[in-house]
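# Residue-level structural notes
Okay, here's what each chain looks like letter by letter:
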Amino acid sequence: MIFKKLTATLLLANFAFCAQNADVTAVGKVFGDGLKLDKVIIKYDVPLDEKSATSCNFKVSDESKDRAIKDIKVDNDSVILTLQELPLIDSSIAPKPDKEKRQKMGQNGPVLDSKGNPQPLKQITAKVKQQSEILAKNGKSYAPQTLNANHVKLPIIDEFRQENFTYNDISLNYNLFVPKDYDSQIKAIR
């Protein structure tokens, strides 16, 4: 009886010791055919042993497609998985209109004050399967687990400023990207 209680206590202690404490961030990047998942950052609660985390430990998928891992970097308590770029999707490239359609082009274009057809950015997701045990520097163990991204980061998109231009009571909303190192005092050479 005492042996059973001791075994159960040890199993519970081991389970608590292997607590799953990971925060997952999906990082997007805009490519020629739209927004895609570029990196996944998995942040654990303690510094990791660099040797125990390799690309073989992880499997990443987005929108139910498995993605190849191009590079893995362990940075203290985080694992940064850089993914292979996907090939351009043919459906995103507009085909050349035939001669008849080219003649009609411009007849049904945008009209002043129209809202056009704005489309929201596609939401990126990431699902990471940690396939084998990861060890921390303090000896803590992270058992295999499946993690879903609970944060999304869009580095370039987040840097756009939303502005408004008004002329003769006509207003135009637009997005403006100003690089971090932009200096308005520097003039272009012509």
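Residues numbered from 1 in each chain as written. Predicted model: local features only at pLDDT ≥ 70, side-chain atom pairs only at ≥ 80, totals over all residues. Heavy atoms only, no water.

### Quick notes on the side chain of T82
Mapped onto the elements, T82 comes out in strand β6 (residues 78-83). Relative accessible area serves as the criterion here: at 15%, T82 is assigned to the buried category. Every residue in contact with T82, bar those within four places of it in the chain, is listed here: D38, K39, I69, K70 and D71. (Helix = DSSP H or I, 4+ residues; strand = E, 2+ residues; numbered from the N terminus. Buried < 20%, exposed > 50% of the residue type's maximum accessible area, 1.4 Å probe, protein only. Contact = heavy atoms within 4.5 Å.)

### What to know about the sheet that holds strand β4 (residues 65-67)
Taken in spatial order, the 4 strands of this open sheet run β4-β3-β7-β10, and their pairing is antiparallel. Because the sheet does not close on itself, it has two edges, and the strands there are β4 and β10 (145-148). Direction aside, the axes of adjacent strands within the sheet are offset by 25° on average. (Pairing = 2+ DSSP bridges. Axes fitted to C-alpha atoms, helices over the stretch in contact; angles between N-to-C directions.)

### Considering the pairing of β6
Of all the 6 residues making up β6, 6 are buried; the element is thus mostly covered by neighbouring parts of the structure. Here β6 shows no split at all, with S78, I80 and T82 on one side and V79, L81 and L83 on the other all buried. The sheet contact formed by strand β2 (residues 34-44) and β6 spans 5 bridges and is antiparallel. Across the sheet, residue V40 finds its bridge partner in β6, namely L81.

That is the geometry; function is a separate question.
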